[in-house]
Amino acid sequence: MPDHTATPTPTPAETPPETPANVTLVQHPLVRHKLSLMRDATCPTNSFRHLLREITLFLGYEAMRDLPLEDRPVATPMETAQMPVLTGKKLCFVSILRAGDGLMGAMLELVPSARVGHVGLVRDDTTLQPTEYLFKVPKDLEQRRVYVLDPMLATGNSAAHAITRLKAAGAKDLRFVCLLAAPQGVETLGRAHPDVEIVTAALDRDLDDRGYILPGLGDAGDRLYGTK
Ligand code: URA
């Protein structure tokens, strides 16, 4: 149990680390506020899930800010005019199970036509290395922009593994979307895959010796699904 009588550690916002070049930090006040609510250990499961959906809409919005557009004629009730619509590569959202599924619904609300992939990984509690039990992705990954979803970028081992596998399956254009990132995760993923932009709502301080993010929010899967 955390010691709630101890002096709180500074929030990430009070001690912003230098944002690494491969990271896009989404710092909208609504995101920061909602994330603080999620971090609270007393936040109930239904609120946690709802807040994750809301924050993911902001993260997805930012992660997709450079989607290409082309002009097409659109007949308004008044006249026909050239208007921008999405063009270029189709999208694929890949969830790292199980917590990544907490981001999937909101991403699909933003782009309902995206394809969906799953990478199932379990983390060994001692080595903190992932073991894969599922890899199911669309066949045409090389023609899609791929967004990999996992709320927690902790050691970075799972993220790096998933992206290595996705590249081997053909993916060439990838982004990683998470809620919280630890410095170790950013470093590991950046070293393994410097081409992959990390979009996150916060850069936290550290990891504990079990690989949990500090100050973090605990086990995202347990908080999301009410398992504990
Ligand atoms: N996974 C989680 O769910 N939480 C952490 O803090 C780290 C990894």
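None of these values were measured; they are calculated from a predicted model.

**Considering the UniProt feature "binding site: 5-phospho-alpha-D-ribose 1-diphosphate" (unreviewed entry) in the chain**
Then step 1. Following the UniProt record, one finds the feature "binding site: 5-phospho-alpha-D-ribose 1-diphosphate" (unreviewed entry) at Arg98, Arg123, Asp150, Pro151, Met152, Leu153, Ala154, Thr155, Gly156, Asn157, Ser158 and Asp219.
Then step 2. Within the secondary structure layout, arginine 123 lies in strand E5 (residues 115-123).
Then step 3. Among residues more than four places away in sequence, those in contact with arginine 123 are Leu128, Pro130 and Ser158.
Then step 4. Note on placement: proline 151 falls in the loop between strand E7 (144-149) and strand E8 (152-153).
Then step 5. Under the C-beta neighbour-count criterion, proline 151 is labelled buried, with 27 such atoms within 10 Å.

**Quick look at helix H2 (residues 45-63)**
Then step 1. With 19 residues, H2 should cover 27 Å at 1.5 Å per step; its first-to-last C-alpha distance of 26 Å lies within 8% of that length.
Then step 2. Taken as a whole, H2 has its buried residues at Phe48, Leu51, Leu52, Ile55, Thr56, Leu59, Gly60 and Ala63.
Then step 3. Against the buried residues of H2 lie helix H1 (29-39), helix H3 (101-110), E7, strand E9 (173-177), strand E11 (197-200) and helix H6 (220-225).

**Some points on the UniProt feature "domain: Phosphoribosyltransferase" (unreviewed entry) in the chain**
Then step 1. UniProt marks residues 26-227 with the feature "domain: Phosphoribosyltransferase" (unreviewed entry), using the numbering shown here.
Then step 2. What you have in residues 26-227 is 34% helix and 31% strand, and the ends, taken at the C-alpha atoms, are 29 Å apart.

**So, the environment of leucine 217**
Then step 1. Along the chain, leucine 217 falls in the loop between strand E14 (213-214) and H6.
Then step 2. By the C-beta count within 10 Å, which is 23 here, leucine 217 ends up buried.
Then step 3. Spatially, the C-alpha atoms of leucine 217 and serine 36 are 9.1 Å apart, while their sequence positions differ by 181 residues.

Parameters and conventions
- Residue positions within a chain follow its written sequence, with the count starting from 1.
- Where totals are concerned, whole chains, interfaces and linings use all residues; where local detail is concerned, this predicted model gives features only for residues with pLDDT of at least 70, and gives and counts side-chain atom pairs only at 80 or more.
- UniProt positions are given in the numbering used here, feature names are shortened, and annotations may be inferred rather than shown by experiment.
- Where helices and strands are cited, they refer to DSSP runs of H or I of at least four residues and of E of at least two residues respectively, numbered from the N terminus.
- Two residues qualify as a contact pair if the distance between their C-beta atoms, derived from the backbone, is within 7 Å.
- Any residue whose C-beta has 12 or fewer other C-beta atoms within 10 Å is treated as exposed, any with 20 or more as buried, and any in between as partly exposed, C-beta atoms being built from the backbone.
- One less than the residue count of a helix, multiplied by 1.5 Å, gives the span that helix is expected to have.

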